[in-house]
Amino acid sequence: MCIIKLPRQLEYDSLLDCLSNNSPLLGKENVIDFSTVNFVKPSGIAPLAAIINKWLNHGFKLAFKRSSEHTNSFAYLQRIDFFRAFDVFKEENFLRHDSQGNFLPLQEITYESNTDEIAPKLAKTLTGNEPAFDYIRSELQNCLYESMNNIKDHAQLGPIAGYSLAQNFSRKNDPTYKEYVFTTADAGRGILNSLRENSDLTIDNETHALDLACQKSVSGSPGIINDGYPRNMGEGLTSIDRIVESTNGYFRLISGNAERIRCGKKVEYRASKYPWQGTVVIVKLHKSGIQGYLDALRAGRKEDEVRF
Amino acid sequence: MTESQTINVRETLQQKMRVEEIITISGTPSGTALGILTVDALKSSDLDIHLDFDGIYSMSGSAACAFWLYIGTNVGFESIGKIVFSHLEPSAMEALKYGLESAKERLNPPHKAVG
């Protein structure tokens, strides 16, 4: 038996630390142990779901273990439908409260998924309680939409699924603070393979692939048509990168052995401590940063009518 | 003041995309749909085309790129001076600026490709 004991704080880096030391074994029973998890973040949840889905598709036998005591983190994982995605721990000892626009349960993205519906729902969750954020909703929605469509395209090639989750966080001691987080993760072919298979670009390595993916006019699937219109322009990552830069947010793109991290105006590339076969997108925006961006744009506005 | 033909973007896209309410222009399909409307108007008249964005809160870079790409492909970028935008939210204006650069690169790519 192999026991994969998940970290107390479940987020992307701690998850990868854990998985690097624990791999499931084919033909044996493997236990995913949630018993000591006491805090979870979207950046850990979507990748964990993607990797579990991949293991199941590869024929690994998996069992899930929970703590004998009730914990808030376990209830949270139930409420966001993490366990429902794998048909376990469906009995809940709490009343399902309304999400009140603060989160949207974990969304599974497969080849059949209707991303036209899922992306707006997630984007609305991220901006729902803050009318001012309608001004950047289109970029959030499009980034989610294009990320999900990439997952769908990869899912066409094999039985993989991706997952997406959006959550707003507040601070009790600071009512003005609000953080908006979304994570999309899949265990597909990754950005380097995707660009190499679909373009004539010469791509040196995974770091170069991430750089290209965040440049304008590189990617896109204009040949894929939805209702008579081209589906993806391929500017989703580039646009969200621009918004994150302008709003002093955080955008981490992980694929294969490389990571690209934008923190405000600063961009850093680094080798991943542990490789991720597939793609992970983590975006964090802050209310103050978004408001500052909108205020600055409005302050510079002069004309009522514009020609380009 | 120059005479122009006005398109109410929100109402026209609602009808074209068959949705109840459009307050953001997010995806490539809606950007392309707006491009089609504009090109049809440009081809049918010598007047300036006035795109009224009243009620539209935001536009994504992809939608803006798709919009300009359709115009650049079908009537050429030299026609964009005939398009007047009003009630344009600043963030949508940013997206349109950025989308125009991207569309021009896509029609004359120095080193890039579809991926």
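Here the structure is a predicted model, which means the values were calculated and not measured.

What counts as what
- Residues numbered from 1 in each chain as written.
- Chains lettered and ligands numbered in written order.
- Predicted model: local features only at pLDDT ≥ 70, side-chain atom pairs only at ≥ 80, totals over all residues.
- Heavy atoms only, no water.
- Helix = DSSP H or I, 4+ residues; strand = E, 2+ residues; numbered from the N terminus.
- Rg over C-alpha atoms; globule rule 2.2 N^0.38 Å.
- Buried < 20%, exposed > 50% of the residue type's maximum accessible area, 1.4 Å probe, protein only.
- Contact = heavy atoms within 4.5 Å.
- Areas by Shrake-Rupley, 256 points an atom, 1.4 Å probe, with all protein chains shown as cover.
- Lys, Arg positive; Asp, Glu negative; His and termini not counted.
- Charge placed at Lys NZ, Arg CZ, Asp CG, Glu CD.
- Pairing = 2+ DSSP bridges.
- Axes fitted to C-alpha atoms, helices over the stretch in contact; angles between N-to-C directions.
- Buried area = accessible area lost by both parts, 1.4 Å probe.
- Salt bridge = Lys/Arg side-chain N within 4 Å of Asp/Glu carboxyl O.
- Polar contact = N/O pair within 3.5 Å; in protein donor to acceptor, adjacent residues only side chain to side chain.
- Nonpolar A, V, L, I, M, F, W, Y, C, P; charged D, E, K, R; others polar.
- 1 Å grid on protein atoms, 1.4 Å probe; cavity = no way out; pocket = protein on both sides within 12 Å on 5 of 7 lines; lining within 4 Å.
- Points joined across faces, edges and corners; volume = space filled by probe spheres on them.

Helix and strand content of chain A: nine helices and 13 strands. A compact globule built from 308 residues would reach a C-alpha radius of gyration of about 19 Å, and chain A, at 20 Å, matches this within 12%. Buried positions account for 56% of the 308 residues belonging to chain A. Restricting to contacts in chain A with at least 6 residues of sequence separation, those with at least 24 account for 65%. Carbon and sulfur atoms form 47% of the exposed surface of chain A, whose accessible area is close to 13600 Å². Counting 37 positive and 38 negative side-chain charges, chain A places the averaged centre of each group 4 Å from the other.

Moving on to the sheet that holds strand β5 (residues 83-86) of chain B. Ordered by their spatial adjacency, four strands build an open sheet running β13(A)-β5(B)-β3(B)-β1(B), and the pairing between neighbours is mixed. Either end of the sheet is taken by a strand with one partner, and the two such strands are β13 (305-306) of chain A together with β1 (4-8) of chain B. As paired strands, β13 of chain A and β5 of chain B are joined by two bridges and run antiparallel to one another. By the bridge assignment for β5 of chain B, V306 of chain A is matched with F85 of chain B. In the packing of helix α1 (residues 9-17) of chain B onto the sheet, contacts are made with β1 and β3 (48-52) of chain B, and the angle to β1 of chain B comes to roughly 60°.

The next subject is the side chain of T247 of chain A. Residues and elements named next belong to chain A. With respect to the helices, strands and loops of the structure, T247 is situated in helix α8 (residues 236-247). The class for T247 is buried, based on a relative accessible area of 1%. Non-local contacts of T247, meaning those with residues more than four positions away in its chain, are made with L285, G289, I290 and Y293.

This part takes up the interface of chain A and chain B. Contact residues are listed per partner, giving 44 residues for chain A and 53 residues for chain B. Summing both sides of the interface, chain A and chain B together bury roughly 4000 Å²; the carbon and sulfur share of this comes to 57%. Summed over the shared surface of chain A and chain B, the number is four salt bridges. The closest approach of N and O atoms between D48 of chain B and R307 of chain A, which form a salt bridge, is 2.9 Å. The tally of links from chain A across to chain B stands at 12 residue pairs in polar contact (both at pLDDT 80 or more). Of all the elements in the fold, those that place two or more residues in the side of chain A that touches chain B are α5 (134-155), α6 (190-198), β9 (221-226), β10 (229-232), α8, α9 (287-299) and β13 of chain A. Here the side of chain A that touches chain B gets 10 residues from one element, more than from any other, and that element is α5 of chain A. For the side of chain A that touches chain B, the residue count by class is 15 nonpolar, 15 polar and 14 charged.

Backbone hydrogen bonds are what pair the strands of a sheet, in a parallel or an antiparallel way. All names here are of chain A. Ordered in space as β6-β7-β8-β12-β11, the five strands form an open sheet in which the pairing is antiparallel. Because the sheet does not close on itself, it has two edges, and the strands there are β6 (103-109) and β11 (250-263). Averaged over all pairs of adjacent strands, the angle between their axes in this sheet comes to 15°, without regard to strand direction. In this structure, strand β7 (residues 162-171) lies alongside strand β8 (residues 174-186), joined through 10 bridges in antiparallel fashion. In the sheet register, F169 faces β8, and the bridge partner there is E179. Those strands touched by α8 are β11 and β12 (266-286), and its axis lies near 40° from that of β11. Here α9 sits on the sheet and contacts β8 and β12; the angle it forms with β12, its principal contact strand, is near 60°.

Our focus in this paragraph is empty space enclosed by the protein. Here the structure, examined in full by the defined rule, presents one cavity of 30 Å³ or more. As for the largest cavity, its lining consists of Y135, I136, S138, E139, R242, I243 and Y293 of chain A together with S58, M59, S91 and A95 of chain B. For the lining of the largest cavity, the elements supplying multiple residues, two or more each, are α5 and α8 of chain A together with β4 (58-59) and α4 (90-107) of chain B. For the lining of the largest cavity, the leading source of residues is α5 of chain A, giving four residues. Here the residues of the lining of the largest cavity sort into six nonpolar, three polar and two charged.

Here the focus is the pattern of salt bridges. Throughout the structure, instances matching the rule amount to 22 salt bridges over all chains. Ionic pairing is found between R96 of chain A and E92 of chain A, a salt bridge with its closest N-O pair at 2.8 Å. A salt bridge links E101 of chain B to K216 of chain A; the shortest N-O distance between them is 3.3 Å. In this pair, E101 of chain B is assigned in helix α4 and K216 of chain A in the loop between α7 (206-213) and β9, connecting two distinct chains. Among the charged side chains, a salt-bridge network with shared partners connects D13, R252, E259, E268 and R270 of chain A.

Moving residue by residue along a regular strand, the side chains alternate between the two faces of the sheet. Residue and element names in this part refer to chain A. Among the 14 residues that make up β11, 12 are buried, leaving the element largely enclosed by the rest of the structure. Pairing of β11 with β12, which is carried by 13 bridges, proceeds in the antiparallel orientation. The residue of β12 that forms the bridge with C263 is K266. Adjacent in sequence and paired antiparallel, β11 and β12 are bridged by two residues, among which G264 carries a positive phi angle near 65°.

Once that is clear, we can look at the environment of P90 of chain B. Mapping P90 of chain B onto the fold places it in helix α4. Taking relative accessible area as the criterion, P90 of chain B reaches 7% and is therefore assigned buried. Sequence-wise, P90 of chain B and Y57 of chain B are 33 residues apart; in three dimensions their C-alpha atoms are separated by 9.2 Å. The residues touching P90 of chain B, leaving out its near neighbours within four places in the chain, are L297, R298 and R301 of chain A.

On to the environment of P120 of chain A, then. Among the structural elements, P120 of chain A can be located in helix α4 (residues 115-127). Here the alpha-carbon distance between P120 of chain A and A296 of chain A, two residues 176 residues apart in the chain, equals 26 Å.

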